[in-house]
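Fold and geometry: a report
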Amino acid sequence: MEGDQNVKLPILTSCCPAWVKFFEHQFPEMKDIPSTARSPQQMFGSIAKTYFAEKIGVKRENLVVVSIMPCLAKKYESSRPEFSVNGNPDVDFALSTRELAHLINLGNIDFKSLPNEDFDAPMGESTGAGVIFGTTGGVIEAAVRTAYEVFTGKPLPRLDFEELRGMEGLRKATIDFNGTPINIGIAHGLGNARKLLEDIQAGNSEFHAIEIMSCPGGCIGGGGQPYHHGDAEILKKRQRAIYSEDKNKTLRKSHENPYITKLYEEFLGAPMSEKAHHLLHTKYFDRS
Ligand code: SF4
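I will try to describe carefully the structure that is included in this document.

What counts, and where the lines are drawn
Residues numbered from 1 in each chain as written. Predicted model: local features only at pLDDT ≥ 70, side-chain atom pairs only at ≥ 80, totals over all residues. Heavy atoms only, no water. Near = heavy atom within 4 Å. Nonpolar A, V, L, I, M, F, W, Y, C, P; charged D, E, K, R; others polar. Pairing = 2+ DSSP bridges. Helix = DSSP H or I, 4+ residues; strand = E, 2+ residues; numbered from the N terminus. Contact = heavy atoms within 4.5 Å. Axes fitted to C-alpha atoms, helices over the stretch in contact; angles between N-to-C directions. Parallel < 35°, antiparallel > 145°, perpendicular 65-115°, else oblique. Left-handed = near helix turned anticlockwise from the far one by under 90°. Buried < 20%, exposed > 50% of the residue type's maximum accessible area, 1.4 Å probe, protein only. Disulfide = S-S within 2.5 Å. Phe/Tyr/Trp six-rings, centres within 6.5 Å; stacked < 30°, edge-to-face > 60°. Lys NZ or Arg CZ within 6 Å of the ring centre and 35° of its normal.

So, about the site of the ligand. Residues in close proximity to the ligand include Cys16, Pro17, Ala18, Pro70, Cys71, Met213, Ser214, Cys215, Gly218, Cys219 and Gly222, which together make up its full environment. Looking at the shell around the ligand residue by residue, the classes come out as 8 nonpolar, 3 polar and no charged.

Structure follows, in structure tokens:
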């Protein structure tokens with residue numbers, strides 16, 4: 001492949017904080033392999049407390065960021081010291097979807113009688129690529145939609161990568177990047193992740209990129225979600241809902257989100273600029 005020959009492969013996803021903590025404890029010698037990209041929660045928080053705060057003329061200390069997450073590990077993640085500036089966290093509170101449901105009930109809020117509203121601009125626009133992050137295989141599919149176009153300079157011939165989808169705990173697929181085969185591995189559940197990491201350690205990994213999510217099914221089975229008690233049918237229904245939401249979105253590739261383009265133009269400069277690196281990337285620690 002052309003490009004930076006110093007990049008270590010396979011690259012591993014880094015959006016799941018429970019997975020990040022797992023490799024920091026269990027495979028610290030491999031902490032330079034995962035992507036340095038912060039999780040969506042932490043990217044949102046750092047951009048909200050810089051770009052958005054500047055836009056609305058509020059100091060970061062006076063802005064409170066509350067994230068609603070499928071996940072209990074996100075509470076811990078938001079408290080990691082590297083995600084704060086002078087003691088002020090990028091994300092002040094991480095609530096789970098189950099906690100939000102409790103609050104809605106406590107407040108006697110009847111959603112059916114509420115008028116529809118748009119999300120706030122500029123941080124409310126999302127794409128189908130963002131939606132599918134919620135299911136196993138979705139993170140890497142979202143990455144493929146963008147990486148293909150950046151790498152080949154050509155528009156994607158298709159948007160749905162059925163070969164990356166499914167519910168088996170360990171999956172693999174090869175995607176043709178216009179003549180370059182890219183081998184992709186997918187694992188959900190940390191036992192499955194361990195198997196892939198042991199292969200990498202032994203020098204037997206066939207993959208260029210690997211997606212790992214800790215929870216069964218990915219975030220649709222997250223510890224903060226409405227209980228599913230391991231019922232595979234419930235997870236499959238949630239997965240179907242996510243792919244149908246993606247299909248119905250006008251924008252389905254992250255790099256086509258006009259607000260993301262504008263964010264780079266107005267604030268970050270270019271992908272991997274110093275500012276982007278500082279606000280959107282992170283590092284990992286040996287916790288053995
Ligand atoms: S897979 Fe589970 S632990 Fe990981 S981000 Fe999603 S909900 Fe959180």
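Right, let's talk about the sheet that holds strand E7 (residues 180-188) for a bit. Here we have 4 strands laid out as an open sheet, ordered E1-E8-E7-E6, and mixed in their pairing. Two strands close off the open sheet at either side, each with one partner strand: strand E1 (11-12) and strand E6 (170-177). Bridge analysis of E6 against E7 gives 8 bridges, and the strand direction is antiparallel. Paired with Ile175 across the two strands is Ile182, which belongs to E7. Its contacts with the sheet place helix H7 (residues 190-201) against E1, E6, E7 and strand E8 (209-213), and it is angled at close to 140 degrees to E7.

Viewed as axis vectors pointing N to C, helix H1 (residues 17-26) and H7 meet at an angle of 50 degrees, and their least axial separation amounts to 12 Å. The angle between H1 and H7 falls in the class oblique. For the element pair H1 and H7, the recorded crossing hand is right-handed. Across the interface between the two elements, Trp19, Phe22 and Gln26 from H1 touch Leu190, Ala193, Arg194 and Leu197 from H7. Across the contact of H1 with H7, the residue classes break down as 5 nonpolar, 1 polar and 1 charged.

Secondary-structure assignment places Glu141 in helix H6 (residues 138-152). Residue class for Glu141 comes out buried when judged on its relative accessible area of 0%. For the pair formed by Glu141 and Leu164, sequence separation is 23 residues and the distance between their alpha carbons is 6.7 Å. Each residue touching Glu141, except ones within four places of it in the same chain, is listed here: Ile132, Leu159, Asp160, Phe161, Leu164, Arg165 and Tyr243.

A word on the state of the cysteines. Applying the stated criterion across every chain, the model contains 0 disulfides. Cysteine Cys15 is unpaired, with the sulfur of Cys16 as its nearest cysteine sulfur at 6.5 Å.

Our focus in this paragraph is unusual backbone geometry. Leaving glycine aside, a negative phi is the common case for residues, and trans is the common case for peptide bonds. Backbone torsion omega between Leu9 and Pro10 reads 0 degrees, so that peptide bond is classified as cis. Of note, Pro10 is situated in the segment before E1. Backbone torsion omega between Ala121 and Pro122 reads 5 degrees, so that peptide bond is classified as cis. If you trace the backbone, Pro122 turns up in the loop between helix H4 (97-106) and helix H5 (128-131). Positive phi outside glycine occurs at Asn108, with the angle close to 50 degrees. If you check the backbone angles, His229 has positive phi at about 45 degrees while not being a glycine.

The next thing to look at is the packing of aromatic side chains. This model, assessed by the stated rule, comprises 7 aromatic pairs. Taking the centre distance of 6.0 Å and the plane angle of 55 degrees together, the rings of Phe151 and Phe177 count as tilted. Highlighted residues: Phe151 in helix H6 and Phe177 in strand E6, separated in sequence by 26 residues. Through successive ring pairs, a cluster of aromatic residues spans Trp19, Phe22, Phe23, Phe27 and Tyr284. Just above the ring of Tyr76 sits the side chain of Lys21; from NZ or CZ to the centre is 5.2 Å.

With that out of the way, let us pick up the packing of helix H2 (residues 40-56) against helix H9 (residues 258-268). Viewed as axis vectors pointing N to C, H2 and H9 meet at an angle of 80 degrees, and their least axial separation amounts to 12 Å. One element, H2, and the other, H9, form an angle in the roughly perpendicular class. Residues Ile47, Thr50, Tyr51, Glu54 and Lys55 of H2 lie in contact with H9, whose contacting residues are Lys262, Leu263, Glu266, Phe267 and Leu268. Considered class by class, the residues forming the contact of H2 with H9 number 5 nonpolar, 1 polar and 4 charged.

On to the environment of Gly107, then. Inspection of the secondary structure assignment puts Gly107 in the loop between H4 and H5. Judged by its relative accessible area of 46%, Gly107 is partly exposed. For the pair Gly107 and Val20, spaced 87 residues apart in sequence, the C-alpha separation works out to 35 Å.

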